[in-house]
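# Working through the structure, step by step
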Amino acid sequence: MAKQEELQKLKEDLVKQGERLDALTELGTRMGNREQRTHLTFNEFLNIASRKPHFIFRDIYQLFHDMVMYFIPGPIDEYEGDPLSIGLMHYDCENLFEKDCDVPFFADNLFANRLISIVKAIKQGTNTNRILLFEGPPGSGKSTFLNNLLQKLEEYSYTEEGKLYKTHWRLDIQKLGGFKSFEKEMEKIAGQAGDAAKQVYYANQAKQTQFPARNELYFSCPNHDHPILQIPKSYRKVFLMELIKDDHFKHQLFNKKEYEWVLKENPCSICTSLYITLLNRLRDPLKVFEMLYVKPAKFSRQFGVGISIFYPGDELTDKPLKKENLQQMLNDLLRSDNVKLIQSHLGLTNNGVLALMDIKGHNIERLNNLHGIISDGVHKVELIEERIKSLFVGLVNPDDKKHYEKIPSFKDRVISVKIPYILDNNTEVAIYKNKFGDDMGSKFLPSVLEYFARIIIATRIDKKSEGIDKWLKDKSKYTNFLDSQFLLLKMDIYTGKIPAWLTDTDLKAFNKNIRKEIIDESEEEGLKGISGRESIFVFNQFLSKHKPPEKLITIEEVTKFFKDSKDLMTVVPDGFLDSLINMYDFQVLQEVKEAAYLFNKKQISTDIMNYMYAINFDPIETVTSTYTKDKLEITEDYFSNFESIFLGSAANQKEKKEFRDEQLQQYISKTLAQEINLKDTHISNTEQFNNLFERYTKNLKEHALVPFADNENFKRAIQDYGSLAFEKYDSRLRNSVSHLIKNLMKNFGYSLEGAILISIYVIDKKLVGKFV
């Protein structure tokens, strides 16, 4: 028995070892796929360039644009085809800033649109010779933003889509006559001991020596020159005209600013001198190009290649970078010292990204030193002129702008992009869920968490909006549920939402120009108030007071938490919390009304079709409807009662008669003449019918709770819902309550507990009469 157990254990161990080996093999395959950096001959590279010119002819600016758009799926214009569209797109930034990032950065849509606008301008070549400074107050997430952005650039460079090709030399040692010092040594040995000793010496040297055992000397351009630059500039355009078959791309290449570099730029001093030296030795450009290879550029933040980030505490250095051993070998092979392997640390990020993390400490001097390089794209390394083409980026706090703002020549070299505190309550909530868990939202009644975020955002928004002042002529009609400074309305507009509670007059007045003016105000907001870091701290304090919650967290508990804190109330706008409660009350009242609304669609449709037929006749007539076959007793009361549903009970007879006449005119001129007679459209599918149906049902919903507002049985039935006591109520009341609770759960995300709580809340606060 013991023997069998030992055998079984041995089998299990072997299976586990096999699983580990399989996992290790899979890991090796994945890593190998990432690390594989295929070398192409120059001819193979040109073949790809001929077939895929968009892919091949990219510099760092174009690559940066392509990287951002690679991680952001196709944008959505929520107002496409709408006169309100101002080109503000919805961008899903999850893959760019959140997925697989140690610390996710949450970009609201306002910032995402600013970023994409700048990225597109960079690609087009309009923002070259400038530094991109992302400006934001402390705690706005600037460092997280830049870290994640550069992480994704590095990841992208390892994908097939993200390849940026660079020059790679493979010098044929035999064709270049071998190493000079090696030949002298061979001659000496051969003369002293014969060819046999010469072979032994060669073998030993191949194992340990300064000379390579292979037949080629590998050498990648340290400045990451694009391979096409190795074609002499005077021949380049004619060569490309013959190479590229795509006429559309060819037109872009020779005419668009983003491709100017292809025809205008020269290779670095190292590649230039190497090309000239090789040409002098080989006497044939084609033989030189046979030694020219191509490989994908490697971006490595850790080693400062392609991506270099400097922190305020990093010491300055201007010591040139040299490769002494390679220089010795190259001089020996070429029998010349014309090729100087020397560069600055800036060369490591040529055609890459150089970033400054905050303009403080040593980065102040570092920024000033970059001034000339940013402007002219060139500087001296000892006696060698080094050209620099990098994407320069940095982070800056508003208080640190003083370090460069007073330098006049620097002003037009800085592009400032604001990273403010979050101004979108949906994004603010996403941050809370990321920090405290997705299930954290289930502790709150629906929408309450979003209202917490609105209080935080209210501290970041300016108290006056010129755009809203121009737009709303009569603000008094909204005083029941909006704050006096209309911050709640502004928040909705910032999230792309047009509130349904606006009057028809104000909806019509909300045009493209007004919307743009209000959106543009966000450029100067989010620079004060409760910061991102402070917001997380405040929210954690709140949760600690409701952990674990005995019941779902309500809006009243949220506002009490803020009112009980003197420090928080110094930054929350006066009267805002009371207005927030009113807005919440208005919202939940609409939800409960809609959930309580019971209607017979067939009967409403019949009533509307009968009305549309009846308006063709005068009162005191009896007719049979063509559409329903119903017999209609047409009286003033018939019209008045029906029109009260559309216009409200306060409408007078004159208003009802005007409404009836408008409907009759539309019925005769459009509905009957065009849709029914010409297009054979059924009356229930006409535009007039649909508009009347929508308006009719909307007004029925408005009054859905009126019969229950003061009905104690209705309240008790809600409280007893789900218990045996619920069965004692009459069937009509049970049906109404069941319909209400189920709809709140289905349509508005309430749990059973939450649906009961919010229904009682609406009744106890007498909200039915609050917003009449």
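The structure this text deals with has already been given above.
About the cut-offs
Residues numbered from 1 in each chain as written. Predicted model: local features only at pLDDT ≥ 70, side-chain atom pairs only at ≥ 80, totals over all residues. Heavy atoms only, no water. Phe/Tyr/Trp six-rings, centres within 6.5 Å; stacked < 30°, edge-to-face > 60°. Helix = DSSP H or I, 4+ residues; strand = E, 2+ residues; numbered from the N terminus. Buried < 20%, exposed > 50% of the residue type's maximum accessible area, 1.4 Å probe, protein only. Lys NZ or Arg CZ within 6 Å of the ring centre and 35° of its normal. Expected span 1.5 Å × (residues − 1). Contact = heavy atoms within 4.5 Å. Polar contact = N/O pair within 3.5 Å; in protein donor to acceptor, adjacent residues only side chain to side chain. Axes fitted to C-alpha atoms, helices over the stretch in contact; angles between N-to-C directions. Parallel < 35°, antiparallel > 145°, perpendicular 65-115°, else oblique. Left-handed = near helix turned anticlockwise from the far one by under 90°. Nonpolar A, V, L, I, M, F, W, Y, C, P; charged D, E, K, R; others polar. Salt bridge = Lys/Arg side-chain N within 4 Å of Asp/Glu carboxyl O. Pairing = 2+ DSSP bridges.

Turning to the packing of aromatic side chains, a few remarks are in order. Throughout the structure, instances matching the rule amount to 45 aromatic pairs. Their ring planes at 65° and their centres at 5.8 Å tell us that Phe45 and Tyr165 sit as a pair that is edge-to-face. Within this pair, whereas Phe45 is found in helix α2 (residues 42–51), its partner Tyr165 is found in strand β3 (residues 165–172), the two being separated by 120 residues in sequence. Overall, Tyr165 belongs to the buried group, its relative accessible area being 5%. Measuring from centroid to centroid gives 5.4 Å for Phe111 and Phe145, while their planes differ by 85°, and the two rings are edge-to-face. With a gap of 34 residues between them, Phe111 in helix α6 (residues 109–123) and Phe145 in helix α7 (residues 142–157) connect regions that are remote in the sequence. Phe145 shares its class with Phe111; the two are buried. A network of ring pairs unites the aromatic residues Tyr432, Phe436, Phe444, Phe452, Phe539, Phe542, Phe561 and Phe562 as a single cluster. Over the ring of Phe254 we find Lys237, and its NZ or CZ is 5.3 Å from the ring centre.

Turning our eyes to something else, we now look at helix α19 (residues 425–436). Given a rise of 1.5 Å per residue, twelve residues ought to cover 16 Å, and the 16 Å separating the end C-alpha atoms of α19 matches this to within 8%. By the burial criterion, the buried members of α19 are Asn425, Thr427, Glu428, Val429, Ile431 and Tyr432. In this structure, the buried residues of α19 make contact with α20 (448–458) and α25 (532–544). Structurally, the start of α19 carries an N-cap: the backbone nitrogen of Asn426 is 2.8 Å from a side-chain oxygen of Asp424. Downstream of α19 by a residue or two, Gly437 has a phi angle that is positive, lying close to 100°.

Let us look at the packing of helix α29 (residues 601–614) against helix α30 (residues 636–647). Relative to each other, α29 and α30 sit at 130°, their axes nearing to 12 Å. Judged by the angle between their axes, α29 and α30 are oblique. α29 and α30 meet at a crossing whose hand is left-handed. Together, Asp607, Ile608, Asn610, Tyr611 and Ala614 of α29 and Tyr638, Phe639, Phe642 and Glu643 of α30 make up the contact between the two elements. For the contact of α29 with α30, a count of residues per class yields six nonpolar, one polar and two charged.

Take the pattern of salt bridges next. In total, this model carries 38 salt bridges according to the counting rule given. Glu525 is the salt-bridge partner of Lys490, the closest N and O atoms lying 2.8 Å from each other. Remark: Glu525 occurs in the loop between α24 (512–520) and α25 and Lys490 occurs in helix α22 (residues 487–494); sequence separation between them is 35 residues. We note a salt bridge from Asp578 to Lys563, for which the minimum N-O separation is 3.3 Å. You can see Asp578 sitting in helix α28 (residues 576–596) and its partner Lys563 sitting in helix α26 (residues 555–563), a full 15 residues away along the chain. Given a relative accessible area of 46%, Asp578 falls into the partly exposed group. A single network of salt bridges, built from pairs that share partners, joins Asp59, Glu265 and Lys389.

With that settled, consider helix α11 (residues 247–255). Helical periodicity: at 3.6 residues per turn, an α-helix aligns residues three or four positions apart in one direction. All of the buried residues in α11 are Phe249, Lys250, Gln252, Leu253 and Phe254. Tucked inside the fold, the buried residues of α11 contact α3 (53–56), α10 (233–243) and α12 (260–264).

Strand order in the open sheet formed by four strands is β1-β5-β3-β4, with antiparallel pairing between adjacent strands. For this open sheet the edge positions go to β1 (40–41) and β4 (216–220), each flanked by a neighbour on one side alone. With five bridges connecting them, β3 and β4 associate as antiparallel partners. Opposite Asp172, over in β4, you have Glu216 as the bridge partner. Contacts from helix α15 (residues 324–334) reach β3 and β4, with the element oriented near 125° to β4.

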